[in-house]
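Residues per chain, in single letters:
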Amino acid sequence: MKEFEIKSLVKEYSYDELSDLDRRLVECAKEATRRAYAPFSKYQVGAAILLDNGKIVEGSNQENAAYPSGLCAERTAAFYASSANPGIAFRKLAIAAWIDPGIDKDQEEGFQKNPVSPCGGCRQALLEYEYLYGDIEVILYGKEKIYILPSIKSLLPFSFTNF
Ligand code: THU
């Protein structure tokens, strides 16, 4: 019998510690939460992807009365980015969630306290772009702390990679 450990490097930051570029990307993800269509869950997620050509592409979750037909913010952003900019690498991804519809949108309090982490389906979808074009840094925004991981694969060990 052999055993091995799989480790992920997670760096925790405060908002003020972020680089200007990372702060900008986080602000784009936060802004994108405003464009979510989430009448069922009321959980408004925003994702912002920095492309290799410097463009930032945003997406938000889009729900549907036929529940499984909706899509998460991360995949909305990734598919939008790839369809509008085919062949261009994703360099960074930031994610934020607005969880309190009772609070005025301009107020910081409405954002989730803990870092927002992408679901398994989005990890798998994003991994494919990473496999094609190189590591995508992941910035998980929470209003109390921010996690930065070096890649999608660090969020998804033993992923399906038969492509
Ligand atoms: N959602 C996302 O947009 N991203 C995630 O990583 C997790 C969940 C959306 C799906 C649904 O519209 C709502 O959040 C509640 O699950």
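Residues numbered from 1 in each chain as written. Predicted model: local features only at pLDDT ≥ 70, side-chain atom pairs only at ≥ 80, totals over all residues. Heavy atoms only, no water.

Visitor: Teacher, can you tell me more about the state of the cysteines here?
Guide: Simply put, disulfide is the name for a covalent bond between the sulfur atoms of two cysteines. Tallied over the entire structure, the rule returns zero disulfides. For Cys 119, which is in no disulfide, the shortest distance to another cysteine sulfur is to Cys 122 and amounts to 3.8 Å. (Disulfide = S-S within 2.5 Å.)

Visitor: Just to check I follow, could you spell out the side chain of Asp 22 for this structure?
Guide: Locating Asp 22 in the fold gives a position in helix H1 (residues 20-33). By relative accessible area, which is 7% here, Asp 22 ends up buried. (Helix = DSSP H or I, 4+ residues; strand = E, 2+ residues; numbered from the N terminus. Buried < 20%, exposed > 50% of the residue type's maximum accessible area, 1.4 Å probe, protein only.)

Visitor: Whenever I open this one, a nonpolar patch on the surface confuses me. Can you help?
Guide: A contiguous nonpolar patch, built from Phe 4, Ile 6 and Phe 158 and spanning about 420 Å² of accessible area, is present on the exposed surface. In this structure, Ile 6 sits in the segment before strand S1 (11-13). The partly exposed category is assigned to Ile 6, whose relative accessible area is 47%. (Patch = residues over 30% accessible without salt bridge, like charges linked within 9 Å, V, L, I, M, F, W, Y side chains within 5 Å. Areas by Shrake-Rupley, 256 points an atom, 1.4 Å probe, with all protein chains shown as cover. Salt bridge = Lys/Arg side-chain N within 4 Å of Asp/Glu carboxyl O.)

Visitor: Sorry, what's going on with the packing of helix H2 (residues 73-84) against helix H3 (residues 120-133) here?
Guide: A pair of packed helices is characterised by two quantities: the angle between their axes and the separation of those axes. In the contact formed by H2 and H3, the axes pass within 9 Å of each other and the chain directions differ by 25°. Taken together, H2 and H3 sit at an angle that is classed as roughly parallel. Viewed along their axes, H2 and H3 form a crossing whose handedness is left-handed. Within the contact between the two elements, H2 uses Glu 74, Arg 75, Ala 78, Phe 79 and Ser 82 and H3 uses Gly 121, Cys 122, Ala 125, Leu 126 and Tyr 129. A per-class count over the contact of H2 with H3 returns six nonpolar, two polar and two charged. (Axes fitted to C-alpha atoms, helices over the stretch in contact; angles between N-to-C directions. Parallel < 35°, antiparallel > 145°, perpendicular 65-115°, else oblique. Left-handed = near helix turned anticlockwise from the far one by under 90°. Contact = heavy atoms within 4.5 Å. Nonpolar A, V, L, I, M, F, W, Y, C, P; charged D, E, K, R; others polar.)

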